[in-house]
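As a plain string of letters, each chain reads:
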Amino acid sequence: MPVHSSEDQAAETVRQLRALTTPEGAAALTRAAALLDAGADAVAGLTRLRAEVGADLAGPAWGIARQRQKARATFGAEADRLLFTADTLEQAGRPELAARRAARLLAGGADSVADLGCAAGTDTIALARAGARVLAVDVDPVARELTAANVEALGLADDVWVLAGDAVELVAAARGGEVAGCSAAVLDPARRAGGKRLLNPDTWSPPWSTVTALLERVPTSVVKVAPGLDHDRVPDGVEAEWVSVGGSIVEALLWGPALSTTWRRATVVRDGEVHEVTADADPGHAPVGPVRGWLHEPDPALIRSGLVSLVAADLGASLVDPTIAYLSSDAAADSPWVSSYRVDEVLPFNLKKLRGLLRTRGVGRVVVKKRGSPIEPESLARQLRTDARGTATVVVTRVAGAPTVLVCDLTT
Ligand SMILES: C[S@@+](CC[C@H](N)C(=O)[O-])C[C@H]1O[C@@H](n2cnc3c(N)ncnc32)[C@H](O)[C@@H]1O
């Protein structure tokens, strides 16, 4: 039967997901995973799977097995017990960060949490594991089906209620610090549509007005927002936190007034360890100074949170340009907040002179980094490549307003 509308399509996806939770469905999933792990391509794998488990189960089992294969990078072995669609996997946060958020949300004693927009249930699972009773709400029937199946698969169904509901209405009706009868809430608005990022928070689903209403009405709440959120939007009394893992920002959070303990927080998770820098008020800019023996590239969570000057003070470092987040100091830094490079040469940006310098120093391979320059790093690295054996990191930036190249970590 042809699928006519997104409602029909959702109903068909729900039917398929239910079929996959039967013993026959589970066997089809196991078989699909084995074929994928053995390297089967879609045509050969699906043909084989259809012959073995029937046409009705083969397509859905193949689709879920592919998402599970992708999800292993984030969810580890547990991915093979969970159901995701492509959309909900893309929207899913990291389980270790969901666990960290859940612990902080519940530390004050809240025992019931509304997960407003549960998608495939990453936050719901973390909250239930942290000991909360969870009301998992979503407007999307596929999301509700996934969350219900996932909490069942992990043995958490006794603590989770899955509800069809609109977070906008639930938050508008919130009273006495509670939403939908829960004393705490997680809100993770959808920030993409049609494969594109929604840059304007008013177009998120639920929109920005629901974010601010929740933070105001339910003080024990946390909202996931886009890392690029304008600081001016953060309401007074609300802590904003930027979290990075492996040098990239992975989430930005707004903590409700009952949970906020500072103005801004930068968090870096490195090798399983969590490092934090906080400020109770805007610390202002770091001082500006000359390029010295070492260049430091601050972690993006530090930059986005506006806390670079705190780490600069610790390192005795200054900015090389008032508008660019590169720091410089006399000494190397042993800090989770910066990546450091020894500065060997500083010259005005000029391709010919740079080539000449690298040639005389025997450098044939470079990694190019840039800030505040329109150059394209990969293409400059290619242009500078020769047979010489030495290596270097070439940093193209501005120093006191002037286009400048720093040649760092030179080896011959
Ligand atoms: C970014 S996802 C949540 C991801 C989830 N926290 C996780 O880590 O897996 C946003 C979810 O909110 C749901 N949603 C969007 N608008 C909503 C609304 N007004 N009420 C309830 N749910 C909504 C979407 O269907 C989607 O499942």
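Predicted, not measured: the structure shown is a model, and the values here were computed from it.

### With respect to the domain arrangement of the protein
Then step 1. Looking at the protein, the domain boundaries give domain 1 (7-81), domain 2 (90-261) and domain 3 (294-411).
Then step 2. One C-alpha centre belongs to domain 1, the other to domain 3, and the line joining them spans 47 Å.

### Some details on the sheet that holds strand β3 (residues 160-164)
Then step 1. Taken in spatial order, the 9 strands of this open sheet run β3-β2-β1-β4-β7-β9-β8-β10-β11, and their pairing is mixed. The open sheet has two edge strands with one neighbour each: β3 and β11 (273-279). The sheet shows a mean angle of 20 degrees between the axes of neighbouring strands, direction not considered.
Then step 2. Judged from the 6 bridges that link them, strand β8 (residues 239-245) and strand β10 (residues 264-270) form a sheet pairing that is parallel. Opposite glutamate 241, over in β10, you have arginine 265 as the bridge partner.
Then step 3. Taken strand by strand, helix α6 (residues 95-106) contacts β1 (112-116), β4 (184-187), β7 (221-225), β8, β9 (248-255), β10 and β11, and its axis lies near 20 degrees from that of β9.

### Description of the site of the ligand
Then step 1. For the ligand, the set of nearby residues contains 20 residues, the closest of which are Asp123, Asp138, Ala167, Asp188 and Ser205.
Then step 2. Residue threonine 122 places a side-chain N or O atom 2.9 Å away from an oxygen atom belonging to the ligand.
Then step 3. At a separation of 2.8 Å, a nitrogen atom of the ligand approaches a polar side-chain atom of aspartate 188.
Then step 4. Where the shell around the ligand is concerned, the elements lending two or more residues are α7 (122-129) and α9 (167-172).

### Section: the environment of aspartate 37
Then step 1. Inspection of the secondary structure puts aspartate 37 in helix α2 (residues 23-37).
Then step 2. Each C-alpha atom, one on aspartate 37 and one on alanine 65, is 9.6 Å from the other, the two residues being 28 residues apart in sequence.
Then step 3. Among residues more than four places away in sequence, those in contact with aspartate 37 are Gln69 and Arg72.

### Notes on the nonpolar core
Then step 1. One finds Leu105, Val113 and Leu127 to be the most contacted residues of the largest nonpolar core, which totals 52 residues.
Then step 2. In terms of residue count, the dominant contributor to this core is helix α4 (residues 55-75) (8 residues).
Then step 3. Formed jointly, this core draws a minimum of three residues from each of two domains, domain 1 (7-81) and domain 2 (90-261).
Then step 4. Once residues within four sequence positions are removed from consideration, valine 113 is found in contact with Leu105, Leu106, Leu127, Ala132, Arg133, Val134, Leu135, Cys182, Ala184, Ala185 and Val186.
Then step 5. Of all hydrophobic cores here, the second largest spans 43 residues; its members include Leu214, Ala240, Trp242 and Ala317.

Rules used in this analysis
Residues numbered from 1 in each chain as written. Predicted model: local features only at pLDDT ≥ 70, side-chain atom pairs only at ≥ 80, totals over all residues. Heavy atoms only, no water. Domains from an automatic or database assignment. Pairing = 2+ DSSP bridges. Helix = DSSP H or I, 4+ residues; strand = E, 2+ residues; numbered from the N terminus. Axes fitted to C-alpha atoms, helices over the stretch in contact; angles between N-to-C directions. Contact = heavy atoms within 4.5 Å. Near = heavy atom within 4 Å. Polar contact = N/O pair within 3.5 Å; in protein donor to acceptor, adjacent residues only side chain to side chain. Core = buried A, V, L, I, M, F, W, Y, C linked by side-chain atoms within 4.5 Å. Buried < 20%, exposed > 50% of the residue type's maximum accessible area, 1.4 Å probe, protein only.

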